[in-house]
Amino acid sequence: GEALLHKVGAFAQAISLGPFENGEAECLENPVSECEAQEGKFTVEAENEALALSVFSERPAISWPNGTLTFAIQEHGFGKVAFKVSLSDAFALDNSSLTSRVLFFDIDVLPINNPPIFTLLDNTTATVESTNGSTRFTERLASGIAADAFGREAHQKLLFRIELDAKGREMFTEEGQPKMRIAGAEAWIEFENAEFQFGVTDGYVVLQDDGGVERGGTDETRFPLKIQVCPVNQAPGFAITRSMVFPEAEVQLTQLATRFATSITPGPTNEGCVLLDAFCQQQRATFIVEDNSNPALFTVQPQLSQEGVLSFSLAAQATGSAEVTVSLTDDGTELQPPGCASYFGNDTSAHQSFTISVAPSNDAAAFALPFVVDCSKATSIDAPCTCESPEAGPSCSYLSETDLPMSDVTILQGAGEVSIGNFATEITPAVGYLASFESVFEETQETVFKTYQGILTSTKVYAVDLVNATKHPVTNDPLTRYASAFVEVDDAAHGAGKRVYVAEFETDSVTVLDKAEDGTLSFVDRRSDNETRLRFVPFGAFPNFQGTDKRIPSADVCAWKSVRIDGGVYALAAAGCDLLENIQETGSADRNTCEESRANVSCAAVAGVLSSAVGNWDLRARALRGVHRVNEVPVGQNLTCSSEGCVFSRVRRGAEEYCNETNPTRIFPATFEDLSSTLGAAVMMGPYCKGSALITDWDTSASVVGLSAESFVVNNGNEEAVQFDGVLNDGLYISDDIEAHSPTAPSLLTRLPSATLTLEVWFSIGANDVPYAGLVTVLQDQRACRRGFFLGYDSRALPFAATTMYFTLSLAGNDVDGAGSLTTITFKIPGGISRGAWSHVVATYDGSSMALFLNG
């Protein structure tokens, strides 16, 4: 354009083609005989032709005779170019042409700095997601980086910076503030988010060069940037009083403990804010009573308010203790901000238990005098008068409603000493309960003489001896241990025979019992006040449902079994089975150290063995947490770790992989730590294809909590282990390529032992027939390659019950064709290893011989 075209008038001055050769004007001023009217031409040449071409679009030229310099600059061209110029004449009378001496000049086109250029991946805004817990994050963010758009400023140095406000900077550690790392024409954003911090911050990513801003130049380019750190919900917490003792209540009694639970928090401070923003949540925490070991102790079960107030109502005359287990859960799962697709974290605290004890008080003894007794009806004075059979006997009858509320006894005059059997009934040491025994005691007395300082004294000593104790035919039965009253009814007319109906004050129920001819009692039913009863309907051998299939979310099921009742098949599922880390309050019941296990071994020797191990996998829940050393996974799979644990994910497999999955796979937690930190964590990857009807529990969407490594951790209350069933969970993987390596991690092959080997496993067999199962293996068994090792077993049931252990190893000394050779030794256990019994197996190779040891 016109702005690039330049003219400099009178640039050349004192222009002359020679004396009297400059035309008519000069001749008029100086008349001579040989005055000439010559013409001139300036010749301008660049000292550096290449440089001149890059700077000028129209070459510099000087016009004759006015000496005006004209030139046009290339767009965005700059530089200092040296020129030489000369003047030649023409049309002399002698037809000659002469050239002047050469003069020199420079044209310095000063640069105006152009802005640097780059492109964000989505052109306008970059949204980066991360997790809590001081996690380092890196992601490719920019491409097309250059000092300018024309390739003329490549010599300039470039520097990225990220501008955030003070609130946004608080999301990151001091050393891990967001920055850009340039590699060629691309750049990666890197940062370390501060522990427990989350939120959304808007700022700018700025690229600056060192060209300056003189003459109206521009030295930076900026784009808006949004960094979103998605919240990872932290478990709530609280403290409680561990033990409370109350006296036995005569009537139902409501109790309140106003400051029972203290230090109640939904998590870190930014999860329990009053003023809400993108960096702060207002979570609500709710107490859940997980278990109550003795619900009969209460008429209103213990519950905790959000403020930590414990309330319950003690049952009248109930004693004993109840261990109550509670947890605190928050609503963090419902507060995921827009842009955070998945829920991460833990919304439930560790379980805590406390004890409510009700100390018994001594209840008053009680008895009843229910009879009107008339001993005057006896045939003689010496005839017995007893109430053994008041219904049929002639002497006794029950008091009627019209009688005075007291027993009445009638005897004959002169009867002398009268004994009335069973005159007092319902004799019990505690009001409201029936005695289990009918006892007869005899009182005796003895005079004991003693001499003290010459004085003879006597003392009467009384003793009560048990003469006879007879079990009560009803109240002594274990089925009626809480009986406070009972009645025996003959229901033969209704086809039921003799039945006993027992009222139980403490359980507020009536128990129905069948009474056989020999007096044996058998349970029929128990009905309680305000009861809610469930009816179980069988599925049948081949269920056929009307409507949608009935599905059970197996992620919440920790055990189940099937039972057959009256030809029907029932599924009994148990949920809420806790990990040991949640139910054990103190100590290390899962045997964290050799000393705590109290085993009769040398702990120093154990430590020596563990320090030399290259693989030591702890298959318990506590090994699922934290950052683990992991190996590379194949393309299409991803394995990332944070302080919460490791996440395994892979893409959905479809028809091209001969599979029909609905969702991608995401497993968290997914790895068990290798305590040696040498070979790497053991990874649960789930089945290769989740399309099978047997394993659809793996095929869940991101909004549903699916199966994980934690789903297969089982315990017996003291120890934990991982359960493998060959269907939902067929194994854990260290790596599927032991030769794979990276610049930061050598191949697994270099980390495996090559001269001697020891394999040690604790295992339990849970099925009758387990054909050829592996315990630990690194093996390739093909014609062209037979290398590695294998430790496993084969277990068969009757009629040939046996378990066979296998140890296979490739030995270089047996390799004759370069393809490797496998040697196997076996150990057979006649009768087999008992189902559910724990076994300890060790396989060794000391450089010359292989050996197997079982439980020894």
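Let us look at the structure shown here. Fair warning: this is a prediction, and the values are worked out from it, not measured in the lab.

Ordered in space as β17-β27-β25-β22, the 4 strands form an open sheet in which the pairing is mixed. Each having just a single partner strand, β17 (243-247) and β22 (285-292) make up the two edges of the open sheet. The sheet shows a mean angle of 25° between the axes of neighbouring strands, taken without regard to direction. Relative to strand β27 (residues 352-359), β17 is paired through 5 bridges, and the arrangement is parallel. Its bridge partner being in β27, phenylalanine 246 is matched across the sheet by valine 358.

With that out of the way, let us pick up the sheet that holds strand β3 (residues 56-62). The 3 strands are arranged β1-β4-β3 in an open sheet whose pairing can be described as antiparallel. The open sheet has two free edges, formed respectively by β1 (5-8) and β3, since each of these has just one partner strand. The sheet shows a mean angle of 10° between the axes of neighbouring strands, direction not considered. By the bridge criterion, 4 bridges tie β3 to strand β4 (residues 69-73) in an arrangement that is antiparallel. What sits directly across from isoleucine 62, in β4, is leucine 69.

Burial along strand β2 (residues 39-46) is one-sided: the face carrying Gly40, Phe42, Val44 and Ala46 is buried and the face carrying Glu39, Lys41, Thr43 and Glu45 is not. Sheet topology places β2 next to strand β5 (residues 79-90); 8 bridges connect them, and they run antiparallel. Within β5, the position partnered with glutamate 39 by the bridge is alanine 90.

Leave glycine aside and you will find that most residues have negative phi; peptide bonds, for their part, are mostly trans. The step from tryptophan 64 to proline 65 runs through a cis peptide bond, and the omega angle for that step is 15°. Relative to the elements of secondary structure, proline 65 occurs in the loop between β3 and β4. Of note, the amide linkage connecting phenylalanine 668 to proline 669 takes the cis form, showing an omega dihedral of -5°. With respect to the helices, strands and loops of the structure, proline 669 is situated in the loop between β45 (665-667) and β46 (671-672). Even without glycine at this site, alanine 10 takes up a positive phi of about 50°. Along the polypeptide, alanine 10 turns up in the loop between β1 and α1 (24-29). For alanine 10, a relative accessible area of 38% corresponds to the partly exposed category. With phi around 70°, phenylalanine 196 is a residue other than glycine that occupies positive phi space.

Here we come to empty space enclosed by the protein. It is the rolling of a water-molecule-sized probe over the atoms that shows where space remains empty. Throughout the structure, instances matching the rule amount to 1 cavity of 30 Å³ or more. What the largest cavity holds in volume is close to 40 Å³. If you trace the largest cavity, you find it lined by Asn631, Glu632, Val633, Pro634, Leu639, Val683, Met685, Ile734, Ser735 and Asp736. Residue classes in the lining of the largest cavity are distributed as 6 nonpolar, 2 polar and 2 charged.

Further remarks concern the state of the cysteines. On inspection of all chains with the given rule, the structure shows 3 disulfides. Each disulfide pairs two cysteine sulfurs, and for cysteine 659 the partner residue is cysteine 689, the sulfurs being separated by 1.9 Å. Handedness of the cysteine 659-cysteine 689 disulfide follows from its S-S torsion of about 95°: it is right-handed. With a gap of 30 residues between them, cysteine 659 in the loop between β44 (645-650) and β45 and cysteine 689 in the loop between β47 (682-683) and β48 (713-715) connect regions that are remote in the sequence.

This part is about the nonpolar core. Membership of the largest hydrophobic core comes to 24 residues, with the highest contact counts inside it found for Phe260, Leu310 and Phe354. Listing elements by their share of this core, those giving two or more residues are β16 (237-240), β17, β22, β23 (298-304), β24 (310-314), β25 (320-330) and β27. Excluding anything up to four places from it in sequence, leucine 310 contacts Met244, Gln255, Leu256, Ala257, Phe260, Pro302, Gln303, Leu304 and Phe354. Residues Ile145, Ile162, Ile189 and Leu207 belong to the second largest nonpolar core, which totals 22 residues.

Moving on to the pairing of strand β38 (residues 497-504). In this sheet, β38 lies alongside strand β37 (residues 483-491) in antiparallel orientation, the contact comprising 8 bridges. Across the sheet, the residue bridging to glutamate 488 is valine 500, located in β38. Hairpin connection of β37 to β38: 5 residues between the antiparallel strands, including glycine 495 at a positive phi of 75°. Examined bridge by bridge, β38 and strand β39 (residues 509-515) share 6 bridges and lie antiparallel to one another. For tyrosine 501, the partnering residue across the bridge sits in β39 and is valine 512.

What counts and how
Residues numbered from 1 in each chain as written. Predicted model: local features only at pLDDT ≥ 70, side-chain atom pairs only at ≥ 80, totals over all residues. Heavy atoms only, no water. Pairing = 2+ DSSP bridges. Helix = DSSP H or I, 4+ residues; strand = E, 2+ residues; numbered from the N terminus. Axes fitted to C-alpha atoms, helices over the stretch in contact; angles between N-to-C directions. Buried < 20%, exposed > 50% of the residue type's maximum accessible area, 1.4 Å probe, protein only. 1 Å grid on protein atoms, 1.4 Å probe; cavity = no way out; pocket = protein on both sides within 12 Å on 5 of 7 lines; lining within 4 Å. Points joined across faces, edges and corners; volume = space filled by probe spheres on them. Nonpolar A, V, L, I, M, F, W, Y, C, P; charged D, E, K, R; others polar. Disulfide = S-S within 2.5 Å. Core = buried A, V, L, I, M, F, W, Y, C linked by side-chain atoms within 4.5 Å. Contact = heavy atoms within 4.5 Å.

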